[in-house]
Amino acid sequence: MLNLFISPGACAMASHIALEEAGAEHQTTVIDLRQGQQKTPEYLAVNPAGATPALQTDQGVITQNAAILAWVAQTWPEKKLAPVVDVFQFARFNSFNGFLASSLHPALGRLLFSRPPLEGEAKDQATDLALAKLQLVEDHLLEGPWVFGSAYTLSDGYLSVFTRWARQAGLLDSDRFPKLSAHLDAVQARPAVVRMLAAEGLSPV
Ligand SMILES: N[C@@H](CCC(=O)N[C@@H](CS)C(=O)NCC(=O)O)C(=O)O
């Protein structure tokens, strides 16, 4: 059976949502990042990068949310979780997920999870950068109501990881980010996301 290594509330929620949306039979294994379990020899044997998510499949391990999302969408094409048949549209799906992984996630992650916490000018600069990335999504990348218009895709669940963090940190002002705020509410109302949150012991924000 598929085994997804997760850290409740962390970015592996994107892959967890994907498995729930696909209706894929799976189990989860919790890696406690605060306890440093991602650096144990047992987990490094699964993912030498020492990060979650990692998905164990019959063929081996897949790491990186963007790769897991593409794999899920292509494995269950009948669920229409991404435009897997249209090569150009699938490239756009991967492009958006690449932006989340390489741009929005690092910007928010540095601001919210740096240890020791950022202070002073460094915190101000990190806040400005994170807000600018969110503004880019609000103004240009999120077509609405879903990322790619009328069709929900796994990019929507992935984006919600970061808008969830932003809302928890008081950064997702609904006047400044009306589309992102409505988007997060809509994602959190999906049955698959309700199931994911319950499984991770979390509540909507
Ligand atoms: N680009 C990677 C990022 C993975 C990542 O950085 N995961 C974080 C949790 S959100 C982690 O496990 N960090 C390990 C650590 O903090 O030591 C992905 O999307 O899978």
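Just so you know, the residues in each chain are numbered from 1, in the order the chain's sequence is written. In keeping with the model being predicted, local features are shown solely for residues with a pLDDT of at least 70 and side-chain atom pairs are shown and tallied solely at 80 or more, while totals for entire chains, interfaces and linings include all residues. Heavy atoms throughout the structure, all of them, feed into the side-chain values; hydrogens and water do not.

- By the naming in an unreviewed UniProt entry, the protein chain goes by Glutathione S-transferase C-terminal domain-containing protein and is assigned to Brevundimonas vitisensis.

1. Quick notes on the pairing of strand S1 (residues 2–6)
Reasoning step 1: Three exposure classes are used, based on accessible area relative to the maximum for each residue type with a 1.4 Å probe and protein chains only: buried under 20%, partly exposed in between, and exposed over 50%. Going along the chain from the N terminus, every DSSP run of H or I of four or more residues is numbered as a helix, and every run of E of two or more is numbered as a strand. Burial within S1 is extensive, with 5 of its 5 residues counted as buried.
Reasoning step 2: Across 5 bridges, the pairing between S1 and strand S2 (residues 26–30) is parallel. When the sheet's bridge partners are listed, Leu4 is paired in S2 with Thr28.
Reasoning step 3: Read from S1 through helix H1 (residues 13–22) to S2, the crossover connection turns out right-handed. Should DSSP find at least two bridges between two strands, the strands are taken to pair. Throughout, right-handed denotes a crossover for which the path from the first strand over the helix to the second runs clockwise when the strands point away from the viewer.

2. Points about the pattern of salt bridges
Reasoning step 1: Salt-bridge detection follows one rule: a side-chain nitrogen of Lys or Arg within 4 Å of a carboxyl oxygen of Asp or Glu. Overall, the coordinates contain 4 salt bridges when judged by the stated rule.
Reasoning step 2: Between Arg195 and Glu20 there is a salt bridge, with its nearest N and O atoms 2.8 Å apart. With Arg195 in helix H8 (residues 191–199) and Glu20 in helix H1, this residue pair connects regions lying 175 residues apart in the sequence.
Reasoning step 3: Given a relative accessible area of 41%, Arg195 falls into the partly exposed group.
Reasoning step 4: The salt bridge partner of Glu143 is Arg92, with a shortest N-O separation of 3.4 Å. One end of the pair, Glu143, is in the loop between helix H5 (120–141) and helix H6 (154–168); the other, Arg92, is in helix H4 (residues 87–113), with 51 residues separating them in the sequence.
Reasoning step 5: Relative accessible area serves as the criterion here: at 45%, Glu143 is assigned to the partly exposed category.

3. Some remarks on empty space enclosed by the protein
Reasoning step 1: Two kinds of site are reported from a 1 Å grid over the protein atoms alone, namely cavities, where a 1.4 Å probe fits but cannot get out, and pockets, open sets with protein on both sides within 12 Å along at least five of seven lines, and residues are called lining when an atom falls within 4 Å of a point. Grid points are joined across faces, edges and corners, and a volume is the space filled by probe spheres set on the points. According to the stated counting rule, one finds 1 cavity of 30 Å³ or more in the structure shown.
Reasoning step 2: Around the largest cavity, the lining residues are Met13, Ile17, Ser160, Val161, Arg164, Leu184, Gln188, Val193, Met196 and Leu197.
Reasoning step 3: At the level of secondary structure, the elements contributing two or more residues to the lining of the largest cavity comprise H1, H6, helix H7 (178–188) and H8.
Reasoning step 4: Split by residue class, the lining of the largest cavity holds 7 nonpolar, 2 polar and 1 charged. Each residue is assigned to one of three groups, with Ala, Val, Leu, Ile, Met, Phe, Trp, Tyr, Cys and Pro labelled nonpolar, Asp, Glu, Lys and Arg labelled charged, and all others, Gly among them, labelled polar.

4. A few points about the UniProt feature "domain: GST N-terminal" (unreviewed entry) in the protein chain
Reasoning step 1: UniProt positions are given in the numbering used here, feature names are shortened, and annotations may be inferred rather than shown by experiment. Per the UniProt record, "domain: GST N-terminal" (unreviewed entry) is found at residues 1–80.
Reasoning step 2: For residues 1–80, the helix share is 34%, the strand share is 22%, and the end-to-end C-alpha distance is 22 Å.

5. Describing the UniProt feature "domain: GST C-terminal" (unreviewed entry) in the protein chain
Reasoning step 1: Here, the residues flagged by UniProt with the feature "domain: GST C-terminal" (unreviewed entry) are residues 86–205.
Reasoning step 2: When the span residues 86–205 is considered, its composition is 70% helix and 0% strand, and the gap between its end C-alpha atoms is 34 Å.

6. Points about H4
Reasoning step 1: A helix is expected to reach a length of 1.5 Å times the quantity of its residues less one. In this model, H4 (27 residues) spans 36 Å end to end at C-alpha, consistent with the 39 Å of a helix rising 1.5 Å per residue.
Reasoning step 2: Of all the bends in H4, the greatest, near 35°, is centred on His105, and the proline Pro106 appears no more than four residues after it.
Reasoning step 3: Along H4, the residues that are buried comprise Phe90, Phe93, Phe96, Asn97, Phe99, Leu100, Ser103, Leu104, Ala107, Leu108, Gly109 and Leu111.
Reasoning step 4: When checking whether two residues touch, look at their non-hydrogen atoms; a contact exists if any pair is within 4.5 Å. Buried residues in H4 make contact with helix H3 (65–75), H5 and H6.
Reasoning step 5: Any pair of nitrogen or oxygen atoms within 3.5 Å is treated as a polar contact; in protein, a donor-acceptor pairing is required on top of that, and neighbouring residues in sequence qualify only through side-chain atoms on both sides. Among the residues of H4, the N-terminal cap falls to Asp86, whose side-chain oxygen and the backbone nitrogen of Phe88 are separated by 3.0 Å. Bending is quantified residue by residue as the angle between axes fitted to the seven-residue window ending at that residue and the seven-residue window starting at it.

7. Points about unusual backbone geometry
Reasoning step 1: Thr52 connects to Pro53 through a cis peptide bond whose omega is 10°.
Reasoning step 2: Mapping Pro53 onto the fold places it in the loop between helix H2 (41–46) and strand S3 (54–57).
Reasoning step 3: Residue Gly144 is joined to Pro145 through a cis peptide bond whose omega torsion reads -5°.
Reasoning step 4: One can find Pro145 in the loop between H5 and H6.
Reasoning step 5: Its identity is not glycine, yet Gln64 carries a phi of approximately 80°, on the positive side.
Reasoning step 6: Among the structural elements, Gln64 can be located in the loop between strand S4 (60–63) and H3.
Reasoning step 7: Although it is not a glycine, Lys80 sits at a positive phi angle of roughly 50°.
Reasoning step 8: Looking at the element boundaries, Lys80 is found in the loop between H3 and H4.

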